[in-house]
Amino acid sequence: MKRVQTLSDRKLVLSAGANTALHGLTVLSKAALIVFLAATLVPEDVGRFGLLTASLSLGMFLLGFDFYAYATRELVGAQESAIPGMLRDQVIFHALAYLLILPVGLLLFIGDVIPWRLAGFFYLLLLAEHAAQELQRVLIALGRSTAAAVVLLLRGGVWVWVLVAVAIGRVGARTLPTVLTLWILGSLAAVVYGAAKLRHLQWRAATRRPVDWSWIRAGVKTAAPFLLSTLAIRGILAADRYALAVVAGPALVGVYSLYFGAYSAIHGLVEAAVHHVLRPRIVGAYQRSARREYRFLLRRYAVWSMVGAIALGGAAVLLAPIIFGLLPESIYQQHLPAFQILVVASWIHVAGAIPDVVLYCRRADRAIAGSAVLGLVTAIGLNIALVPTLGIRGAALATAGGFSVLAASKTVLAARAVYQ
């Protein structure tokens, strides 16, 4: 038994190490991208890029309807012969969502949040990124977290270095449309790779059975609270930039977008190295009623998450003044307290994922959604109160405040669920 446990631990460590390496390359690439944009584009264009990415994030979750939250629990432990049919039905659901949601995106351009000249890029990115994201989630659910990390690297890493090479060789290519074009190509490459990793499944079997509309309806019903939760979290992460855009203009949004890159890097690395590796195993152990394994994995999940987040955040705080000091625009060095607040906010966000997995295993979906909505309401209120007077620092404080309320409420609800 001890030997089996040792082998299991080795597999976890190797999987976590591979994911960390691949995701580390992605994070490095994203960090290089935002620094490169800050060095080659005017702050206003960096701000437009930040608004576009925030809007893309919200749009992708609307398209996905967080159906994956239901599908993941169904895929974990499912018979391999049943998987193609489940994935086919999920694709049908997303196709219907596209018909309803894509026209809503026009409001971003009618309201002049994003310039009309970027509309085509926005929609192409929305479709390609959503497809790649769903493939990544399926691979994680099927226990292929390393392949999922490769999908992520193609989405957010490889194309960045192509951009740098092109921009170095041709000064005229240092434009926002060039950035978005290469991003689209990277996302499409991720879709092709992710789909290829699923080619071994018996897809012909899916064509021989009718669409399971009852499964889709059950998924919509189950996913609705998760959609509310995810949209609330994305709302917390977007409200700050929208508030800054209204109060201070795109230049400060550009500064904030650069700072937010560190937030994304910390959370993303922990997610790849810990969440993607351990979360499916925790859910599987709970479903099998393997309580000892469940508690062991949950403790490891908590420790690895917080140690990783604190170490990465500390490194970011130390390196930030050096990196920002190399940029040609001095504005990026003038708001470092906001950067430090965002690092703390990333720690709080990571901490909130620990009670979240406890609630998820117990199917306390409404509790998860309620906590997220409470955090969003807090973040919006703080943005309205703080951004007009504190500017970029107020936006960072609002984000940290929103995630503090979210994490605290999830912790209380998880404790109640455990001891009921």
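Residues numbered from 1 in each chain as written. Predicted model: local features only at pLDDT ≥ 70, side-chain atom pairs only at ≥ 80, totals over all residues. Heavy atoms only, no water.

Caption draft 1: Structural context of the overall build of the protein chain. Looking only at helices and strands, one finds 15 helices and zero strands in the protein chain. Computed over C-alpha atoms, the radius of gyration of the protein chain comes to 21 Å, within 12% of the 22 Å expected from 2.2 N^0.38 for 420 residues, which places it in the range of a compact globule. Scored against the burial criterion, the 420 residues of the protein chain give a buried share of 53%. Expressed as a percentage of contacts within the protein chain between residues at least 6 apart in sequence, the contacts between residues at least 24 apart total 82%. Taken as two groups, the 37 positive and 17 negative side-chain charges of the protein chain have centres that lie 9 Å from each other. (Helix = DSSP H or I, 4+ residues; strand = E, 2+ residues; numbered from the N terminus. Rg over C-alpha atoms; globule rule 2.2 N^0.38 Å. Buried < 20%, exposed > 50% of the residue type's maximum accessible area, 1.4 Å probe, protein only. Contact = heavy atoms within 4.5 Å. Lys, Arg positive; Asp, Glu negative; His and termini not counted. Charge placed at Lys NZ, Arg CZ, Asp CG, Glu CD.)

Caption draft 2: Spatial organisation of the packing of aromatic side chains. Summed over the entire model, instances satisfying the criterion amount to 16 aromatic pairs. On the numbers, 5.8 Å between centres and 45° between planes, the contact of phenylalanine 49 with tryptophan 183 is tilted. Pair noted here: phenylalanine 49 is in helix α2 (residues 43-64) and tryptophan 183 is in helix α8 (residues 176-196), with a separation of 134 residues, a long-range link. Take phenylalanine 49 and tryptophan 183: they sit in the same class, and that class is buried. A ring pair is formed by tryptophan 159 and tryptophan 183, whose centres lie 6.0 Å apart and whose planes are at 10°; its orientation type is stacked. Highlighted residues: tryptophan 159 in helix α7 (residues 145-169) and tryptophan 183 in helix α8, separated in sequence by 24 residues. (Phe/Tyr/Trp six-rings, centres within 6.5 Å; stacked < 30°, edge-to-face > 60°.)

Caption draft 3: Up close: the confidence of the model for the protein chain. For the protein chain, per-residue confidence averages 85 on the pLDDT scale, and 94% of positions sit at 70 or higher. Element-level mean pLDDT values for the protein chain span from 69 in helix α1 (residues 2-40) up to 94 in α8. (pLDDT = per-residue confidence, 0-100.)

Caption draft 4: Structural detail: the environment of valine 151. For valine 151, the position within the fold is in helix α7. In sequence terms valine 151 and tyrosine 193 are 42 residues apart; their C-alpha atoms lie 6.8 Å from each other. The residues touching valine 151, leaving out its near neighbours within four places in the chain, are Ala132, Gln136, Leu139, Ala190, Tyr193 and Gly194.

Caption draft 5: A look at helix α14 (residues 365-390). With 26 residues, α14 should cover 38 Å at 1.5 Å per step; its first-to-last C-alpha distance of 36 Å lies within 8% of that length. Of all the bends found along α14, the most pronounced is centred on asparagine 383 and spans about 30°. Looking one or two residues past α14, glycine 391 carries a phi angle of roughly 65°, positive in sign. (Expected span 1.5 Å × (residues − 1). Bend = angle between axes of the 7 residues up to and from the residue.)

Caption draft 6: Region of interest: the environment of aspartate 45. By secondary structure assignment, the location of aspartate 45 is in helix α2. A relative accessible area of 17% means that aspartate 45 is categorised as buried. In this structure, the C-alpha to C-alpha distance between aspartate 45 and proline 250, residues 205 residues apart in sequence, is 7.5 Å.

Caption draft 7: Examining the pattern of salt bridges more closely. Under the counting rule described, the total for this entry stands at nine salt bridges. In this structure, glutamate 293 engages arginine 288 in a salt bridge whose closest nitrogen and oxygen atoms are separated by 2.6 Å. (Salt bridge = Lys/Arg side-chain N within 4 Å of Asp/Glu carboxyl O.)

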